[in-house]
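Structural features, examined
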2 protein chains.
Amino acid sequence: MLPAKRRARILEVLGAEQMVSLKDLSEALGISISTVRRDVDYLDEAGYLSRTHGGAISTARASTTFEPEAAIASAIESAAKAAIGAVAAQLIQPGQSVLFDSGTTTAAAARAAAKLSIPFTAMTNDVMIASCLSQNALVQTSVTGGTMRSGTTTLLGADAVNSVARLRADIAFVGTHAITPEVLSDTSLELADLKRRFMAAADRVILLVDSSKFFNRAFCAFGETSAVDLVLTDSRISADATAALKDRGIDLRMVDIAP
Amino acid sequence: MLPAKRRARILEVLGAEQMVSLKDLSEALGISISTVRRDVDYLDEAGYLSRTHGGAISTARASTTFEPEAAIASAIESAAKAAIGAVAAQLIQPGQSVLFDSGTTTAAAARAAAKLSIPFTAMTNDVMIASCLSQNALVQTSVTGGTMRSGTTTLLGADAVNSVARLRADIAFVGTHAITPEVLSDTSLELADLKRRFMAAADRVILLVDSSKFFNRAFCAFGETSAVDLVLTDSRISADATAALKDRGIDLRMVDIAP
DNA sequence: GAAACATCTTGAACTATTTTGGTAGAACAT
DNA sequence: ATGTTCTACCAAAATAGTTCAAGATGTTTC
């Protein structure tokens, strides 16, 4: 297994468990304790987790504005994201207009949507999603203007907001950095602002969120769960989380993850 | 198997897998590990993927770049474009604002510019160029809005035009499909319109054009050679062409092609 | 066209570097 | 006190970098 893959898996475990011992990690990943120790130290150094005696605890999401580098973000929960994306794409009807928020989960949806053979119109503020969708000649792809923060593929700022403000769409696929039973939140004001616009511009808001995002709070709230028409998540979501959302009458669909 | 085909297949694998070891690639493609290593290093250099010890992981672009092999080939295999791009990047001064037209030659300039360690502001209508530039934290990258035609990474249309119309930049790097001693031309009205705006918005217009574009005419003229402040081309340009341009008082610089 | 020549690419052999898993003693928690 | 975890080190394995000869490709010359 590749070092990078190993580290991503460690973060996945930590996303689900909050706390793990090095021993457990060593057994779960089938690698020696020495290597686990080195990986965990590395991730600690890089700020992805915190070390404790004998193990590691997740810290990334506790820090409300922390964003992992793109390479790692896309590797974390990649199976869950792909599964969620595949189901999301199936919800698109021929001829509809669809908004794709930026993010790795919505990117998975775009990748699946690009393989559909139905025509639809798409708009996104993520250049990676855009170039993905534009592979399919049936998809009319538009991109918001805006400014990219370095290391990301996300367009933000006044131009992006204005582009979205003029629109009316059938569906918005929105991602989120964190979700509680009531609130969706993300890491920056600008991101939050734009997500709010996406949600306001669409008849049907579909939230794509893998199970590791429950229940956390990030820096900046951008909407309420009640404003979402459908939540798509993976089957690793906890019973607590499903109950809390269903109590609020939120339509929740779980997607089985391929091994 | 052709080198270009090999590299395209590596990107294809990487689009599906997120990470692969060199060993796996070697087996999957039936080529030696040495060759895989060379290909992967090459693609890393060109920004299509990132290397890790023992393998490669997909960057934003790799997972979306199911570009036809021909597109990859023309984008990264051309020594002339790379050489022109490298020289173009050197013309950027710290703090300047720079417009990057869409196209493979301007993309080469963007790749070189992304490796500079000077801060500047960039605006482009090509999402590939944008994701290239945004890898450098010193570069403030903006993207025009617009619509993508399928199979391309180019943004066109009213939104793109409007984005550019508001700007004033120090430099515009402009590509062209064809050039005669008097006229620059390209393949579509929309493209031509946007290129015209780029040229009007910049104090200094620098035309990046490899020698194969002399002297042809494409469907739609978008400007006169006299409106260009500097023409950068490669040394394979014919003597006729240089003479014709110099007769018109056009500043022409030839770039030696690296071996 | 074909032969001769130069150039580039490939795969393999070899060396250097990095990574890995193990071990021994020190530090730690209960 | 006792078992566990940490640090530091080592040898083995894997990967990266280098070099080179054989083959493929491209160019020139006749």
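Residues numbered from 1 in each chain as written. Chains lettered and ligands numbered in written order. Predicted model: local features only at pLDDT ≥ 70, side-chain atom pairs only at ≥ 80, totals over all residues. Heavy atoms only, no water.

So, on to the pattern of salt bridges. Residues and elements named next belong to chain A. Scanning all chains against the criterion turns up 23 salt bridges over all chains. Its salt-bridge partner being R51, residue D41 comes within 2.9 Å of it at the nearest N-O pair. One end of the pair, D41, is in helix 3 (residues 33–46); the other, R51, is in strand 2 (residues 49–52), with 10 residues separating them in the sequence. Exposure remark for D41: the relative accessible area of 35% places this residue in the partly exposed category. (Salt bridge = Lys/Arg side-chain N within 4 Å of Asp/Glu carboxyl O. Helix = DSSP H or I, 4+ residues; strand = E, 2+ residues; numbered from the N terminus. Buried < 20%, exposed > 50% of the residue type's maximum accessible area, 1.4 Å probe, protein only.)

Let's shift gears to the domain arrangement of chain A. By domain assignment, chain A separates into domain 1 (3–60) and domain 2 (73–255). Using C-alpha coordinates to define each centre, domain 1 of chain A is positioned 29 Å away from domain 2 of chain A. (Domains from an automatic or database assignment.)

A few words now on the nonpolar core. Residue and element names in this part refer to chain B. Counting residues in each nonpolar core, the largest one holds 43 residues, and the members touching the most others are I92, F100, F120, L133, F173 and L232. Of the residues that make up this core, three or more belong to each of domain 1 (3–74) and domain 2 (79–255). Each residue touching F120, except ones within four places of it in the same chain, is listed here: I92, Q93, G95, Q96, V98, F100, A113, L133, L138, V139 and Q140. (Core = buried A, V, L, I, M, F, W, Y, C linked by side-chain atoms within 4.5 Å. Contact = heavy atoms within 4.5 Å.)

Before going further, it helps to spend a moment on the protein's contact with DNA strand D. In the region of DNA strand D, the neighbouring residues are L22, R37, R51, T52, H53 and G54 of chain A together with L22, R37, R51, T52, H53 and G54 of chain B. Protein-adjacent atoms of DNA strand D, using a 4 Å cutoff, are sugar or phosphate at a proportion of 83%. For DNA strand D, a phosphate oxygen lies 2.7 Å from a polar atom in the backbone of G54 of chain A. A distance of 3.5 Å separates a sugar or linking oxygen of DNA strand D from a polar side-chain atom of H53 of chain B. Of all the secondary structure elements, the ones that give two or more residues to the surface near DNA strand D are strand 2 of chain A together with strand 2 (49–52) of chain B. (Near = heavy atom within 4 Å. Polar contact = N/O pair within 3.5 Å; in protein donor to acceptor, adjacent residues only side chain to side chain.)

Next up on the list: the protein's contact with DNA strand C. Around DNA strand C, the surrounding shell holds 13 residues, and the nearest of these are R6, T35 and R38 of chain A together with R6 and T35 of chain B. Between DNA strand C and R6 of chain A there is a distance of 2.3 Å, counted from a phosphate oxygen to a side-chain nitrogen or oxygen. R38 of chain B is positioned with one of its side-chain polar atoms (N or O) 2.7 Å from a base nitrogen of DNA strand C. Mapped by element, the contributors of at least two residues to the surface near DNA strand C are helix 1 (3–17) and helix 3 of chain A together with helix 1 (3–17) and helix 3 (33–45) of chain B. The residue inventory of the surface near DNA strand C, partitioned by class, reads 2 nonpolar, 7 polar and 4 charged. (Nonpolar A, V, L, I, M, F, W, Y, C, P; charged D, E, K, R; others polar.)

Moving on, we come to helix 10 (residues 239–247) of chain A. All names here are of chain A. Looking only at helix 10, the buried set comprises A241, T242, A244 and L245. Projected down its long axis, helix 10 carries its buried residues within an arc of 165 degrees, all on one side. Away from its buried face, by an angle of more than 90 degrees, helix 10 presents the exposed residues A239, D240, K246 and D247. Buried positions along helix 10 lie against strand 15 (252–255). After helix 10 finishes, the residue G249 shows a positive phi value of roughly 75 degrees. (Arc of directions from axis to C-beta.)

The next subject is the packing of helix 8 (residues 158–165) of chain B against helix 9 (residues 189–201) of chain B. All names here are of chain B. Two elements in contact, helix 8 and helix 9, have axes whose closest approach is 9 Å; the angle formed by their N-to-C orientations is 5 degrees. Between helix 8 and helix 9, the crossing angle belongs to the class labelled roughly parallel. Contacts between helix 8 and helix 9 involve A160, V161, V164 and A165 on the former and, on the latter, D193, L194, R197, F198 and A201. Along the lines of polarity and charge, the residues of the contact of helix 8 with helix 9 split into 7 nonpolar, no polar and 2 charged. (Axes fitted to C-alpha atoms, helices over the stretch in contact; angles between N-to-C directions. Parallel < 35°, antiparallel > 145°, perpendicular 65-115°, else oblique.)

Right, let's get into the interface of chain A and chain B. Each side of the interface is counted separately: chain A has 34 residues, and chain B has 38 residues. On the chain A side of the interface with chain B, the three residues burying the most area are L2, Q135 and M148 of chain A, jointly 20% of the side's total. Scanning the region where chain A abuts chain B turns up 2 salt bridges. In this structure, D159 of chain B engages R166 of chain A in a salt bridge whose closest nitrogen and oxygen atoms are separated by 3.1 Å. Per-element tally for the side of chain A that touches chain B: the top contributor is helix 7 (residues 127–133) of chain A, with 5 residues. In terms of residue class, the side of chain A that touches chain B is made up of 13 nonpolar, 16 polar and 5 charged. In this sheet, strand 6 (residues 139–143) of chain B lies alongside strand 7 (residues 146–148) of chain A in antiparallel orientation, the contact comprising 3 bridges. Bridge pairing in strand 6 of chain B places G146 of chain A opposite V143 of chain B. (Buried area = accessible area lost by both parts, 1.4 Å probe. Pairing = 2+ DSSP bridges.)

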